[in-house]
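A closer look at the structure
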Amino acid sequence: MKYLKESPSQTAGPYVHIGCTPNFAGIRMYDGDLGATMKRGPVQGEEIVVTGAVHDGMGAVLMDAMIEIWQADAAGLYPSPREVRGRADPNFTGWGRSAGNPETGLFTFDTVKPGQVPWRDGTLQAPHVTVWIVARGINLGLHTRMYFEDETEANATDPILKRIEHRNRIPTLMARKTANGVYRFDIVLQGVGETIFFDI
Amino acid sequence: MSEGYIRRDRDWHPPALHTAYKTSVMRSPRAAPLSFPTSLGEETGPVFGHDMLGALDNDLITNFAQPGQMALGPRIIVQGRVLDENGRGVPGALVEVWQANAGGRYRHKNESYLAPLDPNFGGCGRVITDAEGRYEFRTIQPGPYPWPNGPNDWRPAHIHFSVFGQAFAQRLITQMYFDGDPMIWQCPIVGSISQTAAIETLIAKLDMTQTIPMDARAYHFDIVLRGNRQTLFENRQEGS
Ligand SMILES: [Fe+2]
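Positions within a chain are numbered from 1, following the residues in the order the chain's sequence is written. Just so you know, chain letters begin at A and ligand numbers begin at 1, following the order they were written in. Reporting of local features is limited, given that this is a predicted model, to residues whose pLDDT is at least 70; pairs of side-chain atoms are given and counted only at 80 or more, and all residues count toward the totals for whole chains, interfaces and linings. Note that the side-chain values use all heavy atoms of the structure and ignore hydrogens as well as water.

Attention now goes to the overall build of chain B. Under the scheme used here, helices are H or I runs from DSSP no shorter than 4 residues and strands are E runs no shorter than 2 residues, and both carry numbers assigned from the N terminus. Assigned secondary structure in chain B consists of four helices and 12 strands. In this description the radius of gyration comes from C-alpha coordinates, and the expected globular size is given by 2.2 Å times residues to the power 0.38. In summary, chain B has a C-alpha radius of gyration of 19 Å against a globular reference of 18 Å for 240 residues, a match within 12%. Oriented by its inertia axes, the alpha-carbon framework of chain B measures out at about 55 × 40 × 30 Å. We call a residue buried when its accessible area falls under 20% of the maximum for its residue type, exposed when it is over 50%, and partly exposed in between, using a 1.4 Å probe and counting protein chains only. For chain B, the residues scored as buried account for 57% of the 240 residues in total.

Next comes the structure, spelled out in structure tokens:
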């Protein structure tokens, strides 16, 4: 059979927003930017807002990044045709995309707290969100996960968190609750407090 | 259960740190990424329907132009397939593209190149692959442009691609170059890919058979996304 190599990645560059969030970049296209909203109507479960920034190795906040998230709904179901365990909340897309605030660089996702999803062996993972970061200077999009600091019990038995050797880095994967329904999640690309990224 | 997606070949992709590309120096993680097999969260992903597309979304020559106007520059069609590593077409894949205009200028507030904007060119488009994984869009050939890195670095003419497959693990952003462009081999961003064979897969080939006579030339560019390991196993069984 014919086996092909994956196309090699190239940086998203400084103008990724022209292609992926043109309206944010001041180019009026389509019917708005894809991924700007994750809700088509009233959603099930706890609605939360996640906000944060991406920091470089000098501590500067990136102003030209693009963050995407993908997650299960409140019942732990993915809004995907490949989800065979049940039907996900029809009003929840599971996917969000944020260019970050043009003044502060802060990204924001208006979403729901995901339910638990089984790992490959059937054991339940802690509630988490898959996060993907691209920007100028990032040669291959970075995958990480956002867990929730207040899910202490579920986090303690999460099959991925359990296998992380450097336990002191686990907080880099935790969103902090800063108010009711509001979480803060910062991504550090390099150096002290460097986020754990995944080859997944 | 699925065997998950084939692991990324990190020697084929550019490393996070490529010092000749200066911005990567402070934006590259120092720790090695943690390896895990994919699970449901990476093996699923958002789905985009053809119904979300506007009639001009894949025509960059007119999708930003004033009525009756067109973007300036050499008219081209870019076409190809989105495939997975097992050689199968990926249907329903959203392909988003963006590029500079024919003079090498982007429509962006941070852009400082002296080349002028084209009032009829926005610089973005999108298309969703058909049942066989085919996509096509019409545009103008972008110009090369200088950029602040070394004292005199120029990007080869290129089009940026953002591609979704059927799984978030397949998510990919890359760039397409044009066959025969000598600037490809001088570019620090291209050079972040160490293997020449890998770079060559990003170079679109002129395809005169697909040209629209008296209108636009055609370039062919296939994109390969990660494949599922289960598929490999199935195929081996079929072949035995
Ligand atoms: Fe570019």
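Now that the structure has been shown, we can carry on.
A word on the packing of aromatic side chains. Centres within 6.5 Å are what make two rings of Phe, Tyr or Trp a pair, Trp counting through its six-membered ring; a difference in plane orientation under 30 degrees is then read as stacked, over 60 as edge-to-face, and the rest as tilted. Under the defined criterion, the tally for this structure stands at 17 aromatic pairs over all chains. Ring centres 5.9 Å apart and planes at 50° place the aromatic pair Phe107 of chain A and Phe109 of chain A in the tilted group. Each member of the pair, Phe107 of chain A as well as Phe109 of chain A, carries the same accessibility label: buried. Arranged with centres 5.3 Å apart and planes meeting at 80°, the rings of Tyr106 of chain B and Tyr145 of chain B form a pair that is edge-to-face. Taken together, the residues span a long stretch of sequence, with Tyr106 of chain B in the loop between β3 (94-98) and β4 (124-128) and Tyr145 of chain B in strand β6 (residues 145-147) at a distance of 39 residues. A relative accessible area of 0% places Tyr106 of chain B in the buried class. A network of ring pairs unites the aromatic residues Tyr135, Phe137, Phe161 and Phe221 of chain B as a single cluster. Over the ring of Trp12 of chain B we find Lys5 of chain A, and its NZ or CZ is 5.0 Å from the ring centre. A positively charged side chain is recorded as over a ring if its NZ (Lys) or CZ (Arg) lies within 6 Å of the ring centre. The angle to the ring normal must also be within 35 degrees. Above the ring of Phe164 of chain B, the side-chain terminus of Arg171 of chain B is found at 3.7 Å from the ring centroid.

One frequently used descriptor of interface size is the decrease in accessible area upon assembly of the parts. In what follows, residue pairs with any heavy atoms lying within 4.5 Å of each other are defined as contacts. At the interface, 91 residues of chain B touch 68 residues of chain A. Two parts placed together each lose some accessible area under a 1.4 Å probe, and the buried area is that loss summed for both. Overall, the association of chain B and chain A removes approximately 7,200 Å² of surface from exposure, summing both partners, and the carbon and sulfur fraction of that is 59%. Three residues stand out in chain B for area buried against chain A, namely Arg27, Phe36 and Phe168 of chain B, and they jointly supply 12% of the buried area on that side. Only one rule defines a salt bridge in this text: a Lys or Arg side-chain nitrogen within 4 Å of an Asp or Glu carboxyl oxygen. Where chain B touches chain A, the interface holds eight salt bridges. Among the ionic pairs, Arg8 of chain B bridges to Glu6 of chain A, the shortest N-O distance being 2.9 Å. Here a polar contact means two N or O atoms within 3.5 Å. Within protein one must be a hydrogen donor candidate and the other an acceptor candidate, and residues neighboring in sequence count only if both atoms are side-chain atoms. Where chain B meets chain A, there are 43 residue pairs in polar contact (both at pLDDT 80 or more). Polar here means any residue other than Ala, Val, Leu, Ile, Met, Phe, Trp, Tyr, Cys and Pro, which are nonpolar, and Asp, Glu, Lys and Arg, which are charged; Gly is therefore polar. Tallied by class, residues from the side of chain B that touches chain A come to 43 nonpolar, 29 polar and 19 charged. Paired strands are those between which DSSP finds at least two bridges. Bridge analysis of strand β11 (residues 198-199) of chain A against strand β1 (residues 34-35) of chain B gives two bridges, and the strand direction is parallel. When the sheet's bridge partners are listed, Phe198 of chain A is paired in β1 of chain B with Leu34 of chain B.

Turning to the pairing of strand β1 (residues 47-52) of chain A, a few remarks are in order. For a regular strand, side chains alternate in direction, first toward one face of the sheet and then toward the other. All names here are of chain A. In the sheet, β1 pairs with strand β5 (residues 107-112) via six bridges, with the strands oriented antiparallel. Looking across to β5, one finds that Val50 is bridged to Phe109. When β1 meets strand β9 (residues 182-184), the two strands line up parallel, connected through three bridges. Its bridge partner being in β9, Thr51 is matched across the sheet by Arg184.

Moving on, we come to the coordination of the iron ion. Residue and element names in this part refer to chain B. Protein-derived ligands of the iron ion are Tyr106 (OH), Tyr145 (OH), His158 (NE2) and His160 (NE2), with the metal-ligand distances lying across 1.9 to 2.2 Å. Coordination shells were defined by N, O and S atoms within 2.8 Å of each metal, extended to 3.2 Å for Na, K and Ca; water is absent from the atom set, which can make sites look incomplete. A four-donor site is called tetrahedral if each angle lies between 85 and 135 degrees; a four-donor site is square planar, and a six-donor site octahedral, when trans pairs exceed 155 degrees and the remaining angles lie between 65 and 115; all other cases are labelled irregular. Classification of the site at the iron ion rests on its four donor atoms, whose angles at the metal span 91 to 160°, yielding the label irregular. For the iron ion, the single-chain donor residues occur in sequence as Y-x38-Y-x12-H-x1-H. Of this pair, Tyr145 sits in strand β6 while His160 is found in strand β8 (residues 158-163), placing the two residues 15 residues apart along the sequence. Exposure remark for Tyr145: the relative accessible area of 8% places this residue in the buried category.

Residues and elements named next belong to chain B. Tracing the sequence through the fold places Gln170 in the loop between β8 and β9 (172-178). Judged by its relative accessible area of 3%, Gln170 is buried. Among the polar contacts made by the side chain of Gln170, one reaches the main-chain amide nitrogen of Gln166 at a distance of 2.7 Å. Once residues within four sequence positions are removed from consideration, Gln170 is found in contact with Tyr5, Arg8, Asp84, Val163, Gly165, Leu225 and Arg226.

The subject of this paragraph is the pairing of β8 of chain B. All names here are of chain B. Burial within β8 is extensive, with six of its six residues counted as buried. Where burial is concerned, the two faces of β8 agree: the one with His158, His160 and Ser162 and the one with Ile159, Phe161 and Val163 are both buried. The sheet contact formed by β3 and β8 spans four bridges and is antiparallel. Across the sheet, residue Val97 finds its bridge partner in β8, namely Phe161.

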